[in-house]
Amino acid sequence: MLTDVLTGWTAETLGGLTLLAAAALGGWLRRRRTARTGGSAPETADAPPVRTYTLLGARAADGQPVHLPSSRPVGARIIWRGPVGKGEEFELTDSVLTDGTYAAERVGPYRL
């Protein structure tokens, strides 16, 4: 009779431990897969809009104004390296220009 109790207890315990190990392994694999793929895709409503900014006072090598697409928030500062290689710092604004782009105002030269 004691043998039957111990045999039944051992089988139930091993079965429970096996299920627990399988659940832990499945959770670990799921977290690993989610971390590798970057999680779920962001919703379009939550994604910041991509705006085209005109860097005021900056000219490309061919003399045309410089346009820069960015999804950074207003007030962010960016560094643009001109055709000569010198860096200039610009701040993104909410001001809309006549061509439909947004203005990026020059803050000053960027120094390392």
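What comes next is a walk through the structure. Here the structure is a predicted model, which is why all the values come from computation and not from measurement.

**A word on the overall build of the protein chain**
Counting its regular elements, the protein chain contains one helix and five strands. Helices and strands appear in the protein chain in the N-to-C order α-β-β-β-β-β. The burial tally for the protein chain puts 18% of its 112 residues in the buried class. Pairs at least 24 residues apart make up 27% of the contacts formed inside the protein chain by residues separated by at least 6 positions. Of the accessible surface of the protein chain, which amounts to about 8700 Å², a share of 59% is contributed by carbon and sulfur atoms.

**So, the pairing of strand β2 (residues 65-70)**
Inspection of the sheet shows strand β1 (residues 51-59) paired to β2 by six bridges, in the antiparallel sense. Across the sheet, T54 pairs through a bridge with H67, a residue of β2. If you look at the hairpin formed by β1 and β2, you'll find five residues sitting between the two strands, and G63 has a positive phi there, around 90°.

**Observations concerning the pattern of salt bridges**
Scanning all chains against the criterion turns up four salt bridges. With its nearest N and O atoms 3.6 Å apart, the salt bridge here joins E91 to R77. Placement of E91 in strand β4 (residues 87-96) and of R77 in strand β3 (residues 77-81) is noted, with a sequence separation of 14 residues between them. In this structure E91 comes out as partly exposed when scored by relative accessible area, which is 27%.

**Re the environment of A47**
Inspection of the secondary structure assignment puts A47 in the loop between α1 (2-37) and β1. Along the primary structure A47 and S71 are separated by 24 residues, whereas in three dimensions their C-alpha atoms are 8.7 Å apart.

**Considerations on the packing of aromatic side chains**
Counted by the stated rule, this structure contains one aromatic pair. Plain terms: the ring middles of Y53 and Y102 are 5.9 Å apart, the flat faces sit at 50° to each other, and that makes the pair tilted. You can see Y53 sitting in strand β1 and its partner Y102 sitting in strand β5 (residues 102-109), a full 49 residues away along the chain. Using a relative accessible area of 0% as the deciding quantity, one classes Y53 as buried. Against the face of Y102 rests R51, its NZ or CZ located 4.1 Å from the ring centre.

Procedures and definitions
Residues numbered from 1 in each chain as written. Predicted model: local features only at pLDDT ≥ 70, side-chain atom pairs only at ≥ 80, totals over all residues. Heavy atoms only, no water. Helix = DSSP H or I, 4+ residues; strand = E, 2+ residues; numbered from the N terminus. Buried < 20%, exposed > 50% of the residue type's maximum accessible area, 1.4 Å probe, protein only. Contact = heavy atoms within 4.5 Å. Areas by Shrake-Rupley, 256 points an atom, 1.4 Å probe, with all protein chains shown as cover. Pairing = 2+ DSSP bridges. Salt bridge = Lys/Arg side-chain N within 4 Å of Asp/Glu carboxyl O. Phe/Tyr/Trp six-rings, centres within 6.5 Å; stacked < 30°, edge-to-face > 60°. Lys NZ or Arg CZ within 6 Å of the ring centre and 35° of its normal.

Structural measurements only, silent on function.
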